[in-house]
Amino acid sequence: MWGWIRRASVRKAGRVLPALMLCPSLALAASLEIAPPDEALSFARYAGPDGPRVMVVTAYADEAVQGVDLSGAGQGLDDPLALFHALGYAGVREQLTEAARPVSVPAEALLLPLRLGTRHIAAGTNYPAHADESQVEDGPFLFPKLVAPTPPRSEVAVADRLLDYEVELCFVSLADIQPGQLPQGWGLILCNDFTDRASLLRHINPADVTSGEGFTTGKSFPGALPVGDLFVIPQEPRGFAAALNLRLHRGDELRQQSAVNRALWDIDEIMRQAWARAGWRWEYDATQVGLLAEDGRLPARSLVLSGTPDGTIFAGISNGQKLRGLLRWLAGGWGRPLTSRVIETYIDDARRDGPFLRAGERVSIRVARMGSIVTHVVP
């Protein structure tokens, strides 16, 4: 029953890497590698006088992106995926050669890089080290995340949540994907899969964590899915993704770092597992929800969250908390399951001790070839 709960006393030494604790002004001012256009197209959007404009990014330095404005090349299209479909890979590169309109935009002024849906597929415990720290032995697993993505410079509210972060590489469906298909083309974008650990724990099934029960509830609230400032379409998305290295800072501290190729399921396996779960349903907000559209498709502009490395704030429920939960149950709490008493003991301790995110903090993600996310935590 308790195999999924990790003892707090065995939190990894080195989770915070002091040698890599960087002043945020230094960390964020450094240059960021951008893939050459013959390997990947890197899009961003910024506000123009008549609405959003699309640019292909060619450089990212001193907290500004430089590139070529292509809004005019696509008959006024203000969305990079629509522009990509209108011109094709070769057409976009041709426009770059012609240097249509060079621009430089502060990174903090970049908009949501493309229009995205609100129904997404998420993979849990897809990185072995994260599965180990969570003591989930039968993963990975999938669940729906149902929330509108927010811009790369945005806020997330603590409210009464135990707010946790999760850096993830997200795959973006470029067109509707029919049941059973494994498309060659994908877009890529960074995501922060914010989680309310209190809500998740209260709705989880401790006897079967890999059912994904409770994860949709704990991860689908306003502001819970900020995305990166770049939308990248690689020529070879699988190899491109595997070479990336994810990094997340909490304030000045590097808290998560991992190569993407350490994931257990790649995008093809995640989709195979999604098709196998086409008939599954999860309870969310008093309704039953699935991973896919009603007709079984994965719609264009959906995100597939491919999992997070180790280093999240949640470090498991200690033996002491289990014991105190048991004593509460024995003292007259029989009307509720023992697991519920233990979980409430953990939540009470976490609210008092304060390991989770608090108002005034900043969480930043910065990944070479993929851009950045900076999220400010508010009350």
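Q: How should the state of the cysteines be read in this particular structure?
A: A covalent bond bridging the sulfur atoms of two cysteines is what the word disulfide describes. Scanning the model with the defined rule gives one disulfide in all. Each sulfur in the disulfide pair Cys 170 and Cys 191 lies 2.3 Å from the other. Of this pair, Cys 170 sits in strand β9 (residues 167-172) while Cys 191 sits in strand β10 (residues 187-192), placing them 21 residues apart in sequence.

Q: For this particular structure, what's the right way to read a nonpolar patch on the surface?
A: Judged by side-chain polarity, Leu 323, Leu 327 and Leu 330 come together as a nonpolar surface patch covering roughly 290 Å² of accessible area. Tracing the sequence through the fold places Leu 323 in helix α8 (residues 319-330).

Q: How should the pattern of salt bridges be read in this particular structure?
A: Pairs can form between side chains of opposite charge whenever their charged atoms are close. The full count for this structure, using the stated rule, is 25 salt bridges. A salt bridge links Asp 268 to Arg 238, with the shortest nitrogen-to-oxygen separation between them at 2.8 Å. One end of the pair, Asp 268, is in helix α7 (residues 267-276); the other, Arg 238, is in helix α6 (residues 237-242), with 30 residues separating them in the sequence. Take Asp 268: its relative accessible area is 15%, and that puts it in the buried class. In this structure, Asp 349 and Arg 324 form a salt bridge, with 2.4 Å as the shortest nitrogen-oxygen distance. On the criterion of sequence distance, the pair formed by Asp 349 in helix α9 (residues 338-353) and Arg 324 in helix α8 is long-range, its members being 25 residues apart. Put simply, Lys 145, Asp 164, Glu 166, Asp 193, Arg 197 and Lys 219 are held in one network by salt bridges that share partners.

Q: So what exactly am I meant to see when it comes to α8 here?
A: Because each turn of an α-helix spans 3.6 residues, side chains separated by three or four positions in sequence point in the same direction. If you check α8, its first and last C-alpha atoms are 16 Å apart, about what twelve residues at 1.5 Å a residue would give, namely 16 Å. Buried within α8 we find Gln 321, Lys 322 and Gly 325. Burial along α8 is one-sided: seen end-on, the buried residues are contained in an arc of 100°. Contacts from the buried residues of α8 go to α9. With its phi angle positive at about 130°, Gly 332 sits one or two positions after the end of α8.

Q: Just to check I follow, could you spell out the side chain of Asp 79 for this structure?
A: Considering the arrangement of structural elements, one finds Asp 79 in the loop between β3 (64-69) and α2 (80-97). At 3.0 Å, the side chain of Asp 79 forms a polar contact with the backbone nitrogen of Leu 81. Once you skip the residues sitting within four places of it in the chain, Asp 79 turns out to touch Arg 45, Val 54, Leu 114, Arg 115 and Arg 301.

Q: Quick question: what am I supposed to make of the sheet that holds strand β18 (residues 362-367) here?
A: Sheets are built from strands that pair by backbone hydrogen bonding, the pairs being arranged parallel or antiparallel. Taken in spatial order, the five strands line up as β7-β19-β18-β13-β14 in an open sheet, and their pairing is mixed. Among the strands making up the open sheet, the edge pair consists of β7 (153-157) and β14 (253-259). Neighbour-to-neighbour, the strand axes of this sheet turn through a mean angle of 20°, independent of strand direction. By the bridge criterion, five bridges tie β7 to strand β19 (residues 371-378) in an arrangement that is parallel. Looking at β19, one finds that Ser 154 is bridged to Thr 375.

Q: Can you walk me through the pairing of strand β13 (residues 245-250) in this structure?
A: It is a general feature of regular strands that their side chains alternate between the two faces of the sheet. Two elements, β13 and β14, share six bridges in a ladder whose sense is antiparallel. Among the inter-strand pairings, Leu 246 is bridged to a residue of β14, identified as Ser 258. Taking the residues that link successive antiparallel strands as the turn, the β13-β14 hairpin has two residues, and the phi of Gly 251 there is positive, at about 60°. Note: β13 against β18, three bridges, orientation antiparallel. What sits directly across from His 249, in β18, is Ser 364.

Reading the values: rules and limits
For every chain, the first residue of the written sequence is number 1, and numbering continues from 1 onward in sequence order. Side-chain atom pairs in this predicted model are given and counted only at pLDDT of 80 or more, local residue features only at pLDDT of at least 70, and totals for whole chains, interfaces and linings cover all residues. Hydrogens and water molecules were not included; the side-chain quantities draw on all heavy atoms of the structure. Any pair of cysteine sulfurs within 2.5 Å is marked as a disulfide. In DSSP terms, a helix is any run of H or I states spanning at least four residues, a strand is any run of E spanning at least two, and both are numbered starting from the N terminus. What goes into a patch is any residue over 30% in relative accessible area without a salt bridge, connected to like charges within 9 Å or, for nonpolar side chains (Val, Leu, Ile, Met, Phe, Trp, Tyr), within 5 Å. Note on areas: Shrake-Rupley, 1.4 Å probe, and residue coverage restricted to the protein chains presented here. Salt bridges are identified by distance alone: a Lys or Arg side-chain nitrogen within 4 Å of an Asp or Glu carboxyl oxygen. Relative accessibility decides the category of a residue: with a 1.4 Å probe and only protein chains considered, values under 20% of the type maximum give buried, values over 50% give exposed, and everything between is partly exposed. Helix span is expected to be 1.5 Å times the residue number reduced by one. Arc definition: directions from the helix axis to the C-beta atoms. Contacts between residues were defined by any pair of non-hydrogen atoms, one from each residue, lying within 4.5 Å. Nitrogen and oxygen atoms within 3.5 Å of one another constitute a polar contact, given that in protein one can donate a hydrogen and the other can accept it, and given that sequence-neighbouring residues count only through two side-chain atoms. Criterion used throughout: strands pair if DSSP finds at least two bridges between them. Axes, fitted as lines to C-alpha atoms, cover a helix only where it is in contact. Angles between the N-to-C directions of the axes lie from 0 to 180 degrees.

Just distances and angles here, no functional claims.
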